[in-house]
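Examination of the molecular architecture
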Amino acid sequence: TLYKNIYIQDKYFFKFKKKIIKFKALHFLEEMYFMSKWDKKKFIRKTKSDCMSHVSMITMDLIKFAEDNADQIVWGSGEQYGTMTFKCKSHDYGFLPLFYITTNGRIKFSINLLRSKVNRLEIISDFQLKLESSFLMDFDPLDYPSDIYHSLEELFTMRSEVNKFITTIQSLSARLHQ
């Protein structure tokens, strides 16, 4: 490829046609380097072919929600499966991923990433509480030390759970926009 990233001493460089250009903003580097392999059409097609209809419908609902509410949607560049990232733009913290979904029917909540970036603990505590009450899982930092993917089929068994999650993300987005 024409593009190659090089990481040297906390600075990002970008190689383009044998010229090295320095980039200070990782966000700009992501947009330039990670040319998306996936788009909405490919993502939906792959999800429908690889997942059960129930999981495909949940994925479609979350994509529609992201289109209507995300400040930025990022489609992945992976080979084995596609990802869609819902990002919220905060005045204080920049673009923050709130959740990821994959073409193989999985979802990842970015609670630990948010813990490391957002210093307003009431926002993180509220998000954690809502996730715990929705999915009956413990998202405490000690018991949940890293963000992992979960099966959509296991988490969302009823339509009301999808709606509750959407409301949680809307609430989190609104608080991060303040």
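Heads up: these notes are all about the structure in this document. Each chain carries its own residue numbering, running from 1 in the direction its sequence is written. In keeping with the model being predicted, local features are shown solely for residues with a pLDDT of at least 70 and side-chain atom pairs are shown and tallied solely at 80 or more, while totals for entire chains, interfaces and linings include all residues. The basis for every side-chain value is the complete set of non-hydrogen atoms in the structure, without hydrogens or water.

1. Looking at the overall build of the protein
Applicable threshold: For the purposes of this entry, the term helix denotes a DSSP run of H or I that reaches at least four residues, the term strand denotes a run of E that reaches at least two, and both are numbered from the N terminus. Only protein chains enter the area calculation, which uses a 1.4 Å probe; residues under 20% of their type maximum are buried, those over 50% are exposed, and those in between are partly exposed. In this description, contact between two residues means that some pair of their heavy atoms is separated by no more than 4.5 Å. Areas reported here follow the Shrake-Rupley algorithm with a probe of radius 1.4 Å; residue values treat only the protein chains shown as occluding.
Across its full length, the protein carries 7 helices and 8 strands. With 178 residues in all, the protein has 40% of them scored as buried. Within the protein, contacts between residues separated by at least 24 positions form 53% of all contacts whose residues are at least 6 apart in sequence. Only carbon and sulfur atoms are counted for the fraction: they give 54% of the accessible area of the protein, which is about 10,400 Å².

2. Observations regarding helix 5 (residues 121–135)
Test applied: For a helix, the expected span equals 1.5 Å multiplied by the residue count minus one. The directions from the helix axis to the C-beta atoms form the arc being described.
In this model, helix 5 (15 residues) spans 21 Å end to end at C-alpha, consistent with the 21 Å of a helix rising 1.5 Å per residue. All buried positions along helix 5 are accounted for by Ile-123, Ile-124, Phe-127, Gln-128, Leu-131, Glu-132, Ser-134 and Phe-135. The arc that holds every buried residue of helix 5, seen down its axis, measures 165°, which confines them to one face. In helix 5, those exposed residues whose orientation departs by more than 90 degrees from the buried face are Leu-121 and Leu-129.

3. Here's the deal with the packing of helix 2 (residues 40–50) against helix 3 (residues 53–69)
Our working rule: Lines are fitted to the C-alpha atoms to define the axes, a helix being fitted only along its stretch in contact, and any angle between axes, read from their N-to-C directions, falls within 0 to 180 degrees. By the definition adopted for this analysis, an angle is roughly parallel if under 35 degrees, roughly antiparallel if over 145, roughly perpendicular if from 65 to 115, and oblique otherwise. Here a crossing is called left-handed whenever its near helix is offset anticlockwise from the far helix by less than a right angle, and right-handed whenever the offset is clockwise.
Where helix 2 meets helix 3, the axes come as close as 9 Å, and the angle between the chain directions of the two elements is 160°. The pairing of helix 2 with helix 3 is recorded here as roughly antiparallel in orientation. Both helix 2 and helix 3 take part in a crossing whose hand is right-handed. On helix 3, the residues touching Lys-40, Phe-43, Ile-44, Thr-47 and Lys-48 of helix 2 are Ser-56, Thr-59, Met-60, Ile-63 and Glu-67.

4. Quick word on the sheet that holds strand 6 (residues 94–102)
Consider a sheet: its strands pair through backbone hydrogen bonds, and that pairing is either parallel or antiparallel. Operational definition: If DSSP finds at least two bridges between two strands, the strands pair.
Pairing in this open sheet of 5 strands is antiparallel, and the strands run 4-5-6-7-8 from one edge to the other. Of all the strands in the sheet, the pair left with one neighbour each is strand 4 (72–75) and strand 8 (149–151). Neighbour-to-neighbour, the strand axes of this sheet turn through a mean angle of 30°, independent of strand direction. Note that strand 7 (residues 106–109) and strand 8 share 3 bridges and pair antiparallel. Opposite Arg-106, over in strand 8, you have Ser-151 as the bridge partner. Across the sheet, helix 2 touches strand 4, strand 5 (83–90) and strand 6, and the angle it forms with strand 6 is around 30°. Strands strand 4, strand 5, strand 6 and strand 7 of the sheet are contacted by helix 3, whose axis makes an angle of about 30° with strand 5.

5. Considering the side chain of His-150
In plain terms, the rule: Polar contacts here mean pairs of N or O atoms no more than 3.5 Å apart (in protein, one a potential hydrogen donor and the other a potential acceptor; neighbouring residues in sequence count only if both atoms are side-chain atoms).
Assignment of secondary structure puts His-150 in strand 8. Take His-150: its relative accessible area is 10%, and that puts it in the buried class. There is a polar contact of 3.0 Å between the side chain of His-150 and the side chain of Tyr-144. Residues in contact with His-150, not counting those within four places in the same chain, are Gly-105, Arg-106, Ile-107, Phe-109, Met-137, Phe-139, Tyr-144 and Leu-155.

6. As for the pattern of salt bridges
Threshold: When a carboxyl oxygen of Asp or Glu lies within 4 Å of a side-chain nitrogen of Lys or Arg, that pair is called a salt bridge.
Counting across every chain of the model gives 9 salt bridges. The partner of Asp-61 in a salt bridge is Arg-159, with the nearest N and O atoms 2.3 Å apart. In this pair, Asp-61 sits in helix 3 while Arg-159 sits in helix 7 (residues 159–177), placing the two residues 98 residues apart along the sequence. In this structure, the salt-bridge partner of Glu-122 is Arg-120, at a minimum N-O distance of 3.8 Å. Looking at Glu-122, the relative accessible area reads 45%, which means it is partly exposed. Judged by its relative accessible area of 21%, Arg-120 falls in the partly exposed class. Each of Asp-92, Arg-120 and Glu-122 takes part in a single network of salt bridges with overlapping partners.

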